[in-house]
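Coordinate inspection notes
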Amino acid sequence: MLDDVEHIHDAAVAGALAETIQLLTRKGAKILLTGSSRPNLTMLRSCGLATNACIELGALSEAEIEQLVALLGGNPNDWGRYIHIASSGGHPQLAHALALGLAERGWPESEFRSLAALLGHDAATREVLDDTRRRIMGEIPEGARDLLYRLSLLIGVFDRQTVLALARPSPPVARPGEAFDRLLGPWIERVGNDEFRASPLIRGSAEAMLPKEEITALHAAAARDHTARKSLRADKLDPIFTYALLGREERSLTLAAFAVLSAPHADLQMLAESSTVFCHYTSLTGQFPNPTPLHAIVRSAQLLLLAASGQTEKLRTAWGLFHEELSAIPHETFSDSEVKGADSLHLYVLWKLLGLEGAIEVLTDLPDACLVFGDLMAVSPIALDDLPAASADAPIGNRAAAFFFQLQLGQAKSVAALIRTFEALKRRTEAERMTLLATLPAEFINDELAVRGPWMTLFKKGERGTESLAQEYLRLAELLDRQEEVGFMLGAVETAAIILDEDLGKGAAALAVVEGALARHPGNVRLLRALSRIHFHAHRYPEQLAIGMRLEEAVEFGAIELAHFQRELAVGLANLGQNEEAARLFERAARNAGAVALPSMANMAAGLLADAAVQHVFAGRGPAVLALLAEALPLIDTRRTNNEFDDVALRKLFGHTVVWARMELFGTKGGTGELRLSMVAGANSNSAKHQDLLTTKSGPVEVLWYMLADLEALLGVDHGIGRAIDKPNWDARALFELELSRPVTQLRAAIRNENGQLIGEALARVIDVEAALSTLDGARPIGDDFNFSRGRVPILSEVAFAAVRHNYTVYPLAVFIRMSLRGNAAEASILLQTIASASRPVFSPEQVGNIRDLSKARPIEDFLSVALSVAQSVENSSVPAIDQLFLITLRLVENDNNPIAGEVVSHAADWLERSWREALNRQSFRLKNPQLARPLVEAALATTRPPCSRFAKLLLVIEPYLSVRLSRELRDRVQANAAD
C-alpha cells in the first residue's frame, strides 16, 4: 500500500511511481495507492494500468462528518446528521463549507431546531439544502463570485493559466489571482501541482447568472487558451472540442482536429479513450451552418478516434458523413499541385487508418480502402519510401495498396475480420485481387503466418484456442479456394490443427484435418511440417522424424520457424537415444534463434545451447559440453536483471543443467530432485517453463561462472570463463567462498594435466587460500548454499609467503617423480624448472638453484632431494645406496597421503620394488645381518597390501639392520601407515 502519494504529476515522482508499480506487478503483488490527485491517462498508461484502475472515493459518511464536527469544536451527536443531509448526503466540499460556517457562527441552536422539525423528510431536506447553498453563495465576495461563475463552465481539471484566461473577456474580473485564491477550499479543489477542479455544486451556475453572449465568449477563450499551449494533453481533447464548439471557435476546433490527425499511431487509442464527446458528435452544422473544410477536417479526426477505439458501427456512419463533407473542400485547399484538396485529405486519412494496428477489425471493406489509397497515391505528393514490392518497378500506387492490405491481414485479431476481408476481396476484379495479393518479400510477410493473428492474440495473453475458433479457421480455409489464396488457406488449416492438437489435445482430429488438406495438396511442405509436429506432440518420434528430417534438409523456413522445427526434431532424436545428432540439431536451432533480434528468441537460443550440451553429456563429450555452456552463460548473464518468469526460470534451469553436467562428467552420475528437469530433452528451451522453477531457490548467477571455470580447469581447455573471473572488472562480482575453493580445483586439474605454468600459478593461490582459512578458525563464512559474501582472497605478503611455502613443495615434486618414473625425464625437468620460475615460486632460492642443476648428486634431506635422486636413478638406471634408498622410501611414504597430488608411492611402487631387490642383491654387505634381513624384506614385498602400507612395513623390518635410525615420532607415523 502506497498511502497519501502527492505530486504524482511531477515528472520525477511519476517516473519513480511507474517503475515501482511495474516492478511490483511483475512480482505478482497487488497495489493500493491513495492520494488527493487523480492520475491522468498518460500516467496510467506509463504504469501499465487500465483506465478503470482509478477509483474516486465518494461522499463522506455520517461518521466521518461527526469527526469533522468534533475537530471544529461542535457536538458530533447534534450536528453530524444535520450536515450530512444538508450537504447532499455528505458531498465533501459542501459538508466542509457548512461545518466551517456553523463553527464561525458558534453552532447556533436555531439551525439545529429547524432541522429537528424536518429530520427524515425529503421535501424539507431539499429546502434546507437550497437554503444552505443560497446562504453560502451569498457570502462569496462579488469579484470572486463573478470568477466562480466563469469557472463553473470549465470541464475537469484546469490550471491557473486557464483561470486568468477566463478572467479577461469583457467585463474583465479585477485582480483575478486574488479572487481565485479566495475560492480555494470548498468551491475550488486543489488536485495537484497547479491543478484545480470546480465543485460539482456550482456547475451550471453560469447559465443562470451570465448572458448567453458572455458564455459563448468564455467558451471561446477557454478553447483558445488550451490550443495555444506548446503541447496538447490527451485528457484535454474533449474539453477543447466542447469549448470550441460552444464558443464557435473555428480555429481551435481545427487545431484540435489536426492534433489528432498528426498524432502517432501508438497514441490514437489513448486519445480515443479520453474523447467521449469528440467520438460521438454527429454534426457541426448547429454552430457552423455554412459548408466549409472544417466539417471534413474534424470528421477525419473523429474517424481515427473511432477506428482506434474499435467502434465499427459508428465508424461506418462517420465514414459516410465524411464523404459527404469532403465535397465542401475546394481544389486548392491542401496542395499547390493538381490533386484536389479533398483527395489530399482523403489520402491522409486512409494512410492513418491503414497504418493503425488492427484497423482490419473495424474497416468493413479493407480491399476497397487499400485500392482507393493506391489510386490516390498514384498522383499524391505524400512520399512513402521503401515500400516492399514484388518487383522494383511496380507502380507506387500498387505497392502501397499491397503493402497496407497485407500488413492489415497480419494484424487481424479475429477470424471474422479475415473472413469479411476475403469475402470483400472476392468481389473485386482479378486485376484488383492480384494487385492486393502481390507477393512481397518473405521477411515482410508470410501468407501462412499472416492469418494466424487471432490465435496468436490469445496465445500472447496466455489463453488457449477453442473448438469454435478452430472451426472458424476451417471455414476460412474453405473460403480460400483460389490459386492466389493457397498460402492463406494453408495457414488457416495449419492454425486449426495447432488449436486442435496443442490447445485442445485432440491430436486425432488435427491429424484428420492435415491429412485431408494433404490429399488436396500432396507434398505440400507446410502441411508436412504440421503433420510432423502432430506426431511429435503424440510422442510418435519415428513417424515424426521420418517426415521432418527430410524437410529440415530440403526446405528453408524463416529463422524463427526453423529454430522451433529443429528443436522438435532434436527432441525426437534425443528420445530415441540419438544424442550426438540431437545435439547437432539443438545447436543449429540455437544459431537460427540467435539470429532473431527478439528477447524471447535470445532466451530460446541460450536454452537451446544448454539443451545441446545436455545431449553431449549423454554422449560423453565433455569438451563439447563446456563449449556450449560457456557460450550460453554470457547470454543468460546479460539478462539477469529481467525478472520475468521465463527469464528467471531459464536462469534456474540453466543452473541445474550446469550442476548436473558437472556431476555427470566429474562426480556422481544421475540427477535427482530438481536436477532431473535438466535431463528432459529440450527442457532449457521450452517456453512453457516448469512451474516448480518459480519457487525453487537459486543462488547468484556468478556461481555458474565459477562452476564452468572449474570445468575449464578439469578438461584442460580455455573458453575465457576463468580468465573473465580473474580480470579486475570482476572484483565486485567475486564470491569469496568460491574464490577459496577455485584454486584447489585449478591445482588439481593442473597436476592431472601436468601443466607446469598452471601448477605454479594455482599453487601460489592455494597458499593464499590456506592462509585465509586459518584466519577463519576453520569456519567457512557461508550460511547455506545460496548465501555468499563478495570479495577476493587476500594475497600473502612476500615474507608470509616465504615462511610457509616449503609445506607445499610436495605437490609439484609428486608430479615430477611421476613423470620421471614414466621415463619422461626431459619433460619432467622442464615442468619443474617452469614451476621454479613462477612469479611467486613455491621453492626457496636455494632449491631453485638445485633445480637448475639436476645432474648434481645430493644427500637425502628434503623432499626435493628425494625427487631429484629418484629422477637421477631412473635416468641412469642405477640404484641408490641402501641407506639412501631407505630415506627415499621413507619420504615417499610420509608424503603419500596427499588429496591433490595423489598417491606418490603407488606411482613409484614398481621402481621401489626393483630397487630394493637389487639393493639386497648388490649391497647386502651394508646390512648388519643379511641372512635375517633378506627374508623379512622379501616377505614385506610379497604382501598384497596397498603400496604405501607395503613399503611402510618394509621400512619397519629393514630399519634394525641399517645404520639409519628412526625417531620415536617418525616410527609411530610409519607404523600407522603400515597398519593402513
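Just so you know, these numbers come straight off a predicted model, no measurement behind them.

**Section: the overall build of the protein**
- A tally of helices and strands in the protein yields 50 helices and two strands.
- Evaluated residue by residue, the protein yields a buried proportion of 49% over its 980 residues.
- Roughly 45,500 Å² of accessible area belongs to the protein as shown, and the carbon and sulfur atoms make up 52% of that amount.

**Notes on the packing of helix H9 (residues 160–167) against helix H12 (residues 212–227)**
- It is the contact of H9 with H12, at a shortest axis distance of 9 Å, that shows an interaxial angle of 140°. At the point where H9 passes H12, the crossing takes the right-handed sense. Contacts between H9 and H12 involve Gln161, Thr162, Ala165 and Leu166 on the former and, on the latter, Leu218, Ala221, Ala222, Asp225 and His226.

**Considerations on the pattern of salt bridges**
- A full pass over the atoms with the stated rule returns 47 salt bridges.
- A salt bridge links Asp235 to Arg233; the nearest nitrogen and oxygen atoms lie 2.8 Å apart.
- For Asp235, a relative accessible area of 28% translates into the label partly exposed.
- Judged by its relative accessible area of 32%, Arg233 falls in the partly exposed class.
- With a shortest N-O distance of 2.5 Å, Glu313 and Arg316 are connected by a salt bridge. Taken as a pair, Glu313 and Arg316 lie in helix H18 (residues 312–326) at a separation of three residues, close to a single helical turn.
- Put simply, Arg452, Glu494, Glu502, Arg526, Arg529, Arg533, Glu561 and Glu568 are held in one network by salt bridges that share partners.

**With respect to the confidence of the model for the protein**
- Residue-level pLDDT values for the protein average 83, and 86% of them are 70 or greater.
- When the criterion is pLDDT under 50, residues 335–339 qualifies, and its contacts beyond four places in sequence or with other chains add up to six contacts.

**Remarks on unusual backbone geometry**
- Geometrically, the link from Ser170 to Pro171 is a cis peptide bond, its omega value of -10° lying close to zero.
- Following the sequence through the fold, Pro171 ends up in the loop between H9 and helix H10 (176–183).
- One non-glycine residue, Glu754, adopts positive backbone phi at about 55°.

**A word on the pairing of strand S1 (residues 188–192)**
- Sheet topology places S1 next to strand S2 (residues 195–198); four bridges connect them, and they run antiparallel. From the neighbouring strand, Ile188 faces S2, where its bridge partner is Ala198.
- Between S1 and S2, which follow one another and run antiparallel, lie two residues, and Asp194 among them has a positive phi close to 55°.

**With respect to the packing of aromatic side chains**
- Applying the stated criterion across every chain yields a total of 16 aromatic pairs.
- Through pairs of rings, three or more aromatic residues link up here, namely Phe158, Phe180 and Phe196.
- The lysine or arginine in question, Arg840, covers the ring of Phe801, its NZ or CZ lying 4.6 Å from the ring centre.

**Here's the deal with the environment of Gly577**
- Position of Gly577 relative to the elements: it lies in the loop between helix H31 (559–575) and helix H32 (579–594).
- Spatially, the C-alpha atom of Gly577 lies 8.9 Å from that of Phe618, the residues being 41 residues apart in sequence.

**Observations regarding helix H40 (residues 756–775)**
- Over its 20 residues, H40 extends 29 Å from the first C-alpha to the last, a length consistent with the 28 Å expected when each residue adds 1.5 Å.
- For H40, the complete set of buried residues consists of Gly756, Ile759, Gly760, Ala762, Leu763, Ala764, Val766, Ile767, Asp768, Val769 and Ala772.
- In the core, the buried residues of H40 are packed alongside helix H39 (736–753), helix H41 (798–804), helix H42 (810–821) and helix H43 (825–836).
- You can read the cap of H40 off the contacts: a side-chain oxygen lies 3.2 Å from the backbone nitrogen of Gln757, and it is on Asn755.

**Remarks on helix H33 (residues 599–618)**
- An ideal rise of 1.5 Å per residue puts 28 Å on 20 residues; H33 measures up with 29 Å between its terminal C-alpha atoms.
- Of all 20 residues making up H33, 16 are buried, and the element is well covered by its neighbours.
- A positive backbone phi angle near 75° is found at Gly620, which sits one or two residues after H33.

**Focus on the packing of helix H27 (residues 486–503) against helix H29 (residues 525–537)**
- Contact pair H27 / H29: the axes reach a minimum separation of 10 Å and the direction vectors enclose 5°. Taken together, the axis directions place H27 and H29 in an arrangement best described as roughly parallel. Contacts between H27 and H29 pair Leu490, Val493, Glu494, Ala497, Ile498, Asp501 and Glu502 from the former with Arg526, Leu527, Ala530, Arg533, Ile534 and His537 from the latter.

**Concerning the side chain of Thr495**
- Topologically, Thr495 is positioned in helix H27.
- Classification of Thr495 as buried rests on a relative accessible area of 0%.
- Of the polar contacts made by the side chain of Thr495, one reaches the backbone oxygen of Gly491; its length is 2.7 Å.
- Those residues in contact with Thr495 that sit more than four places away from it in its chain are Arg452, Trp455 and Tyr473.

**Topic: the side chain of Arg805**
- Here Arg805 shows up in the loop between H41 and H42.
- This buried residue, Arg805, is left without a salt bridge; Glu798 holds the nearest opposite charge, at 8.1 Å.
- Arg805 has contacts with Ile767, Pro841, Val842, Phe843, Ser844 and Pro845, leaving out every residue within four places of it along the chain.

**So, the environment of Lys30**
- Within the secondary structure, Lys30 is located in the loop between helix H1 (11–26) and helix H2 (41–46).
- By relative accessible area, Lys30 is classed as exposed at 82%.
- With 29 residues separating them along the chain, Lys30 and Met1 place their C-alpha atoms 8.5 Å apart.

**Considerations on the environment of Gln67**
- Position of Gln67 relative to the elements: it lies in helix H3 (residues 62–71).
- For Gln67, a relative accessible area of 58% corresponds to the exposed category.
- Taking the C-alpha atoms as reference, Gln67 lies 8.3 Å from Gly80; in sequence the two are 13 residues apart.

Conventions adopted
Residues numbered from 1 in each chain as written. Predicted model: local features only at pLDDT ≥ 70, side-chain atom pairs only at ≥ 80, totals over all residues. Heavy atoms only, no water. Helix = DSSP H or I, 4+ residues; strand = E, 2+ residues; numbered from the N terminus. Buried < 20%, exposed > 50% of the residue type's maximum accessible area, 1.4 Å probe, protein only. Areas by Shrake-Rupley, 256 points an atom, 1.4 Å probe, with all protein chains shown as cover. Axes fitted to C-alpha atoms, helices over the stretch in contact; angles between N-to-C directions. Left-handed = near helix turned anticlockwise from the far one by under 90°. Contact = heavy atoms within 4.5 Å. Salt bridge = Lys/Arg side-chain N within 4 Å of Asp/Glu carboxyl O. pLDDT = per-residue confidence, 0-100. Pairing = 2+ DSSP bridges. Phe/Tyr/Trp six-rings, centres within 6.5 Å; stacked < 30°, edge-to-face > 60°. Lys NZ or Arg CZ within 6 Å of the ring centre and 35° of its normal. Expected span 1.5 Å × (residues − 1). Polar contact = N/O pair within 3.5 Å; in protein donor to acceptor, adjacent residues only side chain to side chain. Parallel < 35°, antiparallel > 145°, perpendicular 65-115°, else oblique. Lys, Arg positive; Asp, Glu negative; His and termini not counted.

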